[in-house]
Every structure is written in structure tokens, then in C-alpha cells.
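Chain and residue survey
Given next are the chains, with one letter for each unit.
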Amino acid sequence: MRMRCHAGVPILALMTFAATATAAVPLSASRPRAQAAPPAGTGSAGADDATLSGSVVVIPFTNISRNEVDDWIGDGIAETVMADLESQGDLTVIAQERVRAAAGRLGDADLDDVTVAALGRELGARWVVTGGYQRLGSQLRITARLVDTTTGLVARTVKVDGVLDAIFDLQDRIAAELTTDVRSITVTRGGPRASGRRGIPETDGEGAEPVVGGTGGTGSNGGSTGARAAGGLRPGEVTGGIILPAGDTANRPPGGEPGAAARGVASGRGGRPGGVGTAASAGVLTGRPSVTVVRTDVPPRIDGRLDDAVWQRAIRLTEFVQVRPVDGAPATEETEIWIAYDSGNIYFAMHAHYSDPSIARANRVDRDQTRSDDTISVYFDTFFDQQRAYVFSVNGYGVQGDSILASRGGGGRGGGGRGGGGFRGGGGGGGGFGGFSGVPSGDSSWDALFDSAGTLVADGWTAEMAIPFKSLRYPSSDSHRWGFQVVRSIGGKDETVVWSPVTRGNTFMSQMGLLDGLIGLSTSRNLEFLPTFTAIQVGSLDTNTGGFGEERQPEGALNVKYGITSNLTLDFTYNPDFSQIESDRPQIEVNQRFPLFFSELRPFFLEGQEIFQTRGPANLLHTRTIVDPRYGAKVTGKVGKTNIGLLFANDEAPGKVDDLADPAFGRTAQFLIGRVRYDLYAESYIGAIFTDREFLDQYSRVGGVDANFRLGRSQSVSMSFFQAQHRDADGVERSGDGWSFNYNNRGRNLTYSFSTDGLDPDFRTDTGFVRRVDTRQARASVSYRWYPESWIINWGPRASYDRNYDFEGILQDEGSRVGLNATFAKNINISVNVNRDMERFGGINFMKTRYSAGGGINSSRRIGVGGFFNWGDQVRFSDTPFLGNSVSANIFLNFRPVSRFQMNLNVSTSRLVDPSTLEEVFDVKIYRNFATFQFSERLLLRNILEFNTFSRTLGANLLLTYRVNSGTVFFVGYDDRYKQGDLIFDDNDDPLFFTSDFERTNRAFFMKISYLFRY
């Protein structure tokens, strides 16, 4: 914990207590003792006396919940602890005057755990008592820590849970346990049971682990605290007492043995010793959980087995709380995380325990496809600005996942790979709160190079990760403090737990914890070469002759990535090939008034795309407008508080025309996009963007500014303004602007928002995506959510209203919507809605009433089902529009009979009937089956089948993938497309075949290999 001291400002309680003269290794049941550092200097006044004194320093407890009305609780806890310790009679209490004098000499110095320990030594104290508390409704959790002033490490942790009405009982329990702890240390170090080994008590029998203390605190799951299974505490062995093991059991991984650190060997190297505490002087993260990691000389072997010596000396995290289903409640399953680092990598070991291992969900799938599995994810806010975070995850088989999380949550589907691409079966997806995880997952299209492995064990699974610092961007400095979070999902219980507590309604990144102590990171610059070779044989039907011609297209490509600095990256691509990229998800295009949006899937454009994002009624950069780039380059990163993005691409597509006399023949279009964004404070920025496309004498240019401001913990305001200049192929010039304003207040229960935006009728852009122009819209929405947190996890209504006028002041759209959402236990959710809208089309105002209902069930590891249904009035968009009766639906079935095989069946349908004649206008059904079989960790077979009943088309795609890592991949694939013969027409619009049989229209064989070289 850190706090700021000022001269003359009293600290509520500073008291001291010490054990006997025997120096012993700090012992803890819930925190690793393996990080024992060298004695904390001998120059400080009173340092030598600290080990002999009988005194303890108590500091007011920190209000982790940050609710000012609860500040009195911390003072009361400290006062109770003081009174109980004083009553022991053999303890020395430092006078308040000495405390104020010592604090005054420090002035405005920041007091972290190490500085607090130094203050205790100056006062002649051996121990410092500190802690924190958090309240959720009537529930209260108090955690107390006993800090050894000779090492700066935590020697004891006590935690109690209860209700606010029982605050006095909880205070007494904390005080009683600390008193017992103090006496136990005295007996252990100076009593008759002390053995010949310094600081380690004798045991009552071989392998016995003596328990000292009462039955106060509980562990993270409400049961026992500390390591479980091999090498740790066994379930039910303790209920919160103090453990004095014969070895390094408090920090020993399953199967591990006590290491040198258990005998007092220093774990740090030139920095502060490792430990877990509370962040100080950390901006918006002040008061959040903090962990100071320890450097290692010998890296672990990444095999998923926690038997490496490094884990005996690494920092361990065990305290996790729920985000869902019960916000803020203790985790129901135990989780252990070990952290270490060296100059090149940061390492994680993980043990996911289950009281019932049969509920564990783990499948052998391709990377980024673990959304249906139980996972553990780590989040790094490397610039410590709450603007962006890197996310790395792993499941029980060590399958990797990675993503970029923007400050607004940022979802994203899978797709693409590093440099040369890679398939993402079925997509990733999902961001923001909700879904299966309960926390934002980020955009999974980003890929990074890191190492991971996992294995199933008797009580769950273990995993290891090694994340190279070269795979991250971070400021250039000697030491680093990063925002940090650990998230575990337990699908069988619909539970998500976090290390740093997260409260619904507050922004996620402002509730992360702190990762401290990273020093001496490698300064070598990242350099990557990703050459690729592709061999394609494609064939297509000639609609004039009925013949089927084929051609071969061998091609090579090169992608280069260079770390200009640790926070600025240059990407270059030449002749990028995207042949193996998964085809767009099918969408029903019949009776669509506005164009459909298809996400970017190509890897080069996905890298750093979050920097170019802006808010507003138009997407100013949609890189799918760069159809066939010959080469491209971009610089992305951050300098100080300024994010920078610069993209240049040369597009060959506009020049691919058949007429040699056409001025466009062989010419290319030039794209230039620039983006800057200055970060003001947490999740707040101002920015500017410029986009330009030049082709012959045509141009499309857009310039704009945008801003986002966070107001308090749950409120935000964003705004943008941009101007477009456009000249088309006919020489017509247009100029138009666009703007937006959005206010949002997202509370735990009440959420409401207001937004307004507009697009000029003459707004055009060839670099972005615009669904509609000539609009001036205003929207308002409100929702409320209750959290019974029983068999109904949460539920609540929502309502919205919007109006849209054109620039002539004519009302084009008006909509009123009410709905209800509910989430139940066992991964069940439902939603229902009623819409009453007015839509103007063809000069006619159509009044529509529509209903919708949907939901999903994912209670089983093997099967998940869900769907959405929509019915009611729908406009027929044609030259003679009318109001018809429409029914549409999307139904899915996920089937996972074994861990290696997965299948997803999806049905999309839309039907419209003319009520005046009862004739069916159209009936569209799209069936899509996506199946994968994972032969081994690296070898995957994927199959996609699609059938469209309206266009009468059939598609099949087969892909064999051998993946070494995110960049080194080998693909072999086959793609086949068919269409009903009598629906294939020649240039004169005559049927090419007089049969209803399916005829092949396209076919392709391809092979691709890419190999990533990193220096």
C-alpha cells in the first residue's frame, strides 16, 4: 500500500511489535515467501534494533471500494487492532508524537510497502500492520497484512468476510488473528520448539505442516487459503489460520520442492523485493491491487508442468473475486498465478483448480478459438494510460488467444494472422461487458508471437506462458509500471473472476491493478521478416461458351516489421496475398435498403487498426476499399502521450480493366491515411485524422477531429467533426461535412445515453464506409438492471427513442423500442423487444410494428444452442413499395462431442409475404456448417459448407493447417462453388444450362507457406 505523508498530519495509528532476536524467513499461508530479499539496509536509524524490539506499526486500512461514505471503516479497524495489541501487555506502543515527527521528515514522499518498512525501522519497529477493505452492498471483506521491516516483504495475510452490521465482530477477528500471529512468531523464533534450522519450526511428524492461529479468514473461494493439491494446502486443511510450513509450501507449485529462496536467498536483482500490495501514486489506479514481480536468471521450460525452479521463487497471486454471476463475491474455485520475468520475456504459471473437475471446459482448437472454453487471461496496459491493453489467454490445453482492447471495450471477430494471415475458424468475437466472459475481450484479429503450453491435472489444469517483450509496445524507460489484470472464466458455472476487483458500471481499464518492478528490459529492437509463397490453381465458368478455364498463379510476398523504438513500429508489405483468408460470413442481401458492412480480415491492415478508429456516423477508414494492394507501409505507435498512425498503400484494382485504351488501364490508386491522438488522462483524448485516395484526376479527401472525455467513473462524452472533398470519375465535385456528439452514463443499475449526429447530402468518401447520407439523427436510451444473483443472475428493462430528419427538415424515421433482458444460472439468457417505427421510403410514411425474441443456452460443455427471431411489418424496398408481413431468424447449434472436434451449424432465414394477395415475395434460407478437427497441437482440418436457397448456390471449402506459431504456418486448401444451372445466364441474359442441376462456377486449389524470422 502507498500513502502520502505530510508534516504535521497525524497518521491514525503507528504501533510496534517484534518477535525475538532470531531472524527468520517470513512465513505466509497465502503469499510466497520465496521472494525473501536481503535485509533492508543497516544505515537507517533503528534498523538494527528492529529485529530485537517488541513493536508493531499499524496504519489505517485502505478503502479499496473508494466510496467516501465508507472511509470511517478503515479508522475503526485500525483503532480496534491497536487496542487489542496494546492489551497484550508485552508490546511497545510508539507515541503519536514520534510518529508525526518521523512522517514530517519524509515530507511529501510516497510511502509504498518498502518505504513504510523503512519508517518502521526508523521507529525501532520490527513489523508494520496494514491492509484494506471493500464493501459491496451489505457485504464486507477485510484483508490485513503483516510486513517484515527487515525485508519489506509480507509475512502474514489475514482475510475475513461478513456483513456490515457485524463490523465490530469482523474487526475483533482481524485483531485476534494478528495477535495470535504475533505470539506464534515469538514462540516459533524463541520458544523451545525451534529447531536447528533458523526460523523453521520442527514438525510433529514426517511431512507434517504445523498450523498456528485460529479459524478467522477465508480463502478466495470462501474455504481454505493457500496452495492446494501437491505441494500446497489440501482442501479443508485450514480455514484461515497461519501456516508455518517446513519448506516453501506457501509458494510451491504442484509437484515443486522448496528452493533456495525458502532459506532466505534474495530473489530480486538490484530492485525492490517482490510482493503484493496496494498501488500508490498510480493516478486512477491508486489504491488498486499491486504486484511487484521478481526477476529470474533461469527461464522456465514452457511445457505446462509447474516443476521449474523459477516458480518456487516467483510471485504468486491467489486472491480472486467474481465479476459474474455475483459481483464482488469471493471466487468459488481456487486460482493460482505465478509471475516472473527476465530481460526478454515475462513468464506466467497458472493452476486452475476445480472442486468438481468434470465441469472443466477445454478443447483442442486453433488459436483464438477458445471462447467456449475455460481460460485464464492476462491484460497489460503497458503505457499506463487506460487507453489500450494487450490481452493474452490460454486454455487447459495451452491453446493461445490474443487481442487488443481499446478503452471503449472493443470487440472483434477472428480473422487474419501475423503477416501472412491465418484462418480463424468461426471467428473470435465479442467485446464489451456481457457474453460468456463478463469482461471486455478485445479485438482478436490482432496476433502476437508468444509461447504457451497446458495440461489437464487431477483437480483442473495447469498452464505456462512466455510473452516476449518484443511482442508488446511500451515506453522507452529504465523501469516500468503497467496496468495489469488477470481474468479466469469458468464456463460450467457461468463465472468470471478477476484479480483486481471490477465493479459493474465503472470502466474496466480504470479498475485494473498495477504490475510493478520491471527493470532492465532488453533494448534490442524487434525485427521480423515474414516471407510467404503461394501456389494457386483457379478455374471459373465461361458464361459465353460454357467451358471451364483454369490458370496457375504462383506468387511470393514479403512482410517486414521493424521496431523503430519499443513503442513505435514500422510495417511493410509487398504483394500481400490473402488467398487463404476465410470468406465473408454470409448475410442476407435480399430487400436491403442500405449497403451491408463486411469486416476487414486481412492481417496487414488489422495490425494497429485500433489507432485509426474514430467515432461518428461514418467509418472514415474501411481498409477493404484497398482492394488489391501491390505494396503498403505504415507506422504505428505512441510517442509520449501522442498516438501516431500513418498508412500508405498502392492499389492495383482500379487499373485492372480490359480496354487497353482506357486511361485507367494499368494505373494504380494511392492511399494515404494519417492519424494522431493525444491522451489527456484516463480514457480521454483529443485527435485528428486525414484520409486521401488519389486515382487519375479523381480524389477523395476527408479531414476531421474527435475527442473523448471520461467524466467520473461511469460517464463519458465523445464528439467528432469531419469535412470531405470529393471528385468522381465524371469530374463532379462535392463537399460535405459530418458530426457527432454522444453522452453516456453507465451505472451498475441505471444506464442512459443521448447521442446526435449528421451527414451532409454531399458527403462522400472512397476510403471509408458510409451506410447513409442526408441524415440528422437524435437518439436517447435508458435501461435498468437488477441483480438478484440467485437463479436469476440479473434482469431489467430498456427503452429507446430516435428521430431522423433529412437536411430539408422532413422526418425520415422515428422509432420507439422497449425490451427486457434476463440472464439465468447455467449460462441461459433471453431477450424480448417490441418496436413501433415510422420509416419513410419512396415518399411514403410506413408505420411498422415488429417483435423480436432471442436467447441462448450454453449449460453443457458439449452443446450450445440459441437463436433470434423477428416478426411483424416490413417495407418492401422496390419501385412499388408496400408494407408486408415479415419473419426472419438466425439459429445456431454448437456441438463439441470430443475435445478435438467442433461443429457449428447456423441457419439464417428471411421471408416476406404481400398481405394484399398473400403471395410470398421471397423466402431466403442460408445454411452454414463450420467444422474443425484438431489432430494435434499444430495440425488442423477445417471444413465449411454453405447453401443459399434463394440464389441456389452451394459452396464447399476444405483447409488443412499446420501452425507452428502465429506467423509460421503451412496451408493446403480446396474451394468449390456451384449454382443451379438454369439460373446461370450468358451475356444476353439467356440461361446457360437448361437444367436444375448444380453446375460448377468456380474452383480453386491453393498452397501457402509462411515462415516468421524474428531478430
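Since this is a predicted model, take the numbers as computed values, not measurements.

A few words now on the overall build of the protein. The helix and strand tally for the protein stands at 7 helices and 50 strands. Counting over 1015 residues, the protein shows a buried share of 54%. Summarising the internal contacts of the protein: among those between residues at least 6 apart in sequence, 63% fall at separations of at least 24. Surface accessibility of the protein: about 39900 Å² in total, with carbon and sulfur atoms responsible for 55%.

Let's shift gears to the packing of aromatic side chains. In total, this model carries 26 aromatic pairs according to the counting rule given. Ring centres of Tyr379 and Phe508 lie 5.2 Å apart, and the angle between their planes is 55°; on these two criteria the pair is classed as tilted. Taken together, the residues span a long stretch of sequence, with Tyr379 in strand E17 (residues 375-381) and Phe508 in the loop between strand E23 (495-498) and strand E24 (513-519) at a distance of 129 residues. The residues Tyr379 and Phe508 share a single accessibility class, namely buried.

This part is about the nonpolar core. Leu317, Phe348, Val378, Phe380, Phe392 and Phe484 are the most contacted members of the largest nonpolar core, which has 43 residues in total. Only strand E13 (315-317), strand E15 (335-341), strand E16 (345-353), E17, strand E18 (388-395), strand E21 (460-468), strand E22 (479-490) and E24 provide two or more residues apiece to this core. Apart from residues lying up to four places away in sequence, Phe392 is in contact with Ile376, Ser377, Val378, Phe380, Gly401, Asp402, Trp446, Ala448, Phe450, Met465, Ile467 and Leu472. Counting 23 residues, the second largest nonpolar core, distinct from the first, contains Val58, Ile73, Ala78 and Val160.

Positionally, Ser290 belongs in strand E11 (residues 289-292). Apart from the residues within four sequence positions on either side, Ser290 is in contact with Gly275, Val276, Gly277, Thr278, Ala279, Trp499 and Leu514.

Our focus in this paragraph is the pairing of strand E6 (residues 139-148). In terms of burial, E6 is largely enclosed, as 8 of its 10 residues are buried. In this sheet, E6 lies alongside strand E5 (residues 127-136) in antiparallel orientation, the contact comprising 10 bridges. Looking across to E6, one finds that Tyr133 is bridged to Ile142. Hairpin geometry of E5 and E6 is characterised by an intervening segment of 2 residues between the two adjacent antiparallel strands and by a positive phi of about 60° at Gly137.

Once that is clear, we can look at the pairing of strand E46 (residues 939-948). The side chains of a regular strand alternate, residue by residue, between the two faces of the sheet. Side chains Leu940, Arg942, Ile944, Glu946 and Asn948 of E46 all project onto a buried face; the interleaved residues Leu939, Leu941, Asn943, Leu945 and Phe947 project onto a face where none is buried. Sheet topology note: the strand E45 (residues 919-934)/E46 ladder contains 9 bridges and is antiparallel. Across the sheet, Gln934 pairs through a bridge with Leu940, a residue of E46. As consecutive antiparallel partners, E45 and E46 are separated by 4 residues. Where E46 folds back on strand E47 (residues 953-963), the antiparallel hairpin that results is connected by 4 residues, among which Arg952 adopts a positive phi of roughly 55°.

What follows is about the pattern of salt bridges. For the structure on display, the rule yields 37 salt bridges. Where Asp494 meets Arg324, a salt bridge forms, and the shortest distance between an N and an O atom there is 3.2 Å. One end of the pair, Asp494, is in the loop between E22 and E23; the other, Arg324, is in strand E14 (residues 321-324), with 170 residues separating them in the sequence. Overlapping salt bridges, with partners in common, bring together Asp385, Lys638, Arg677 and Asp679 in one network.

On to the environment of Val964, then. Note that Val964 resides in the loop between E47 and strand E48 (969-980). Look at Val964 and you get partly exposed, because its relative accessible area is 37%.

Let's shift gears to the side chain of Arg295. Inspection of the secondary structure puts Arg295 in strand E12 (residues 294-295). Here Arg295 sits buried without a salt bridge, and the closest side chain of opposite charge, Asp297, lies 5.5 Å off (N-O distance). A polar side-chain atom of Arg295 sits 2.7 Å from the main-chain carbonyl oxygen of Ile519. Of note is the side chain of Arg295, whose polar atom sits 3.5 Å from the backbone oxygen of Gly520.

Let us look at the confidence of the model for the protein. Per-residue confidence for the protein gives a mean pLDDT of 78, with 76% of residues at or over 70. Within the protein, no element has a lower average pLDDT than strand E9 (residues 242-243), which sits at 26, and none a higher one than E16, at 97. Confidence drops under a pLDDT of 50 for residues 1-52, and excluding neighbours within four residues, the segment shows 220 contacts in the predicted structure. The low-confidence segment residues 186-272 (pLDDT under 50) makes 217 contacts with residues lying over four places distant or belonging to another chain.

Tracing the sequence through the fold places Gly398 in the loop between E18 and strand E19 (400-406). Sequence separation of Gly398 and Asn363 is 35 residues, and the distance between their C-alpha atoms is 9.7 Å. Excluding anything up to four places from it in sequence, Gly398 contacts Ser452, Ala453 and Gly454.

It is worth spelling out a negative patch on the surface at this point. There is a patch of like negative charges on the surface, built from Glu68, Asp71, Asp75 and Glu79. Here Glu79 shows up in helix H2 (residues 71-86).

With that settled, consider unusual backbone geometry. Cis geometry marks the peptide bond from Arg324 to Pro325; its omega dihedral reads 5°. Considering the arrangement of structural elements, one finds Pro325 in the loop between E14 and E15. In this structure, Asn827 is a non-glycine residue whose phi angle is positive, near 60°. Residue classification places Asn827 among the buried residues on the basis of a relative accessible area of 6%. We note that Arg952 has phi near 55°; this positive angle belongs to a residue other than glycine. Within the secondary structure, Arg952 sits in the loop between E46 and E47. Judged by its relative accessible area of 27%, Arg952 is partly exposed.

Attention now moves to a nonpolar patch on the surface. Taken together, the side chains of Phe533, Phe935, Leu960, Tyr962, Val964, Phe970, Val972 and Ile1009 make up a nonpolar region of the molecular surface, amounting to roughly 640 Å² of accessible area. Sorting the residues of the nonpolar patch by element identifies E47 and E48 as the ones contributing at least two each. One can find Phe533 in strand E25 (residues 527-541). For Phe533, a relative accessible area of 39% puts it in the partly exposed group.

Calculation notes
Residues numbered from 1 in each chain as written. Predicted model: local features only at pLDDT ≥ 70, side-chain atom pairs only at ≥ 80, totals over all residues. Heavy atoms only, no water. Helix = DSSP H or I, 4+ residues; strand = E, 2+ residues; numbered from the N terminus. Buried < 20%, exposed > 50% of the residue type's maximum accessible area, 1.4 Å probe, protein only. Contact = heavy atoms within 4.5 Å. Areas by Shrake-Rupley, 256 points an atom, 1.4 Å probe, with all protein chains shown as cover. Phe/Tyr/Trp six-rings, centres within 6.5 Å; stacked < 30°, edge-to-face > 60°. Core = buried A, V, L, I, M, F, W, Y, C linked by side-chain atoms within 4.5 Å. Pairing = 2+ DSSP bridges. Salt bridge = Lys/Arg side-chain N within 4 Å of Asp/Glu carboxyl O. Lys, Arg positive; Asp, Glu negative; His and termini not counted. Polar contact = N/O pair within 3.5 Å; in protein donor to acceptor, adjacent residues only side chain to side chain. pLDDT = per-residue confidence, 0-100. Patch = residues over 30% accessible without salt bridge, like charges linked within 9 Å, V, L, I, M, F, W, Y side chains within 5 Å. Charge placed at Lys NZ, Arg CZ, Asp CG, Glu CD.

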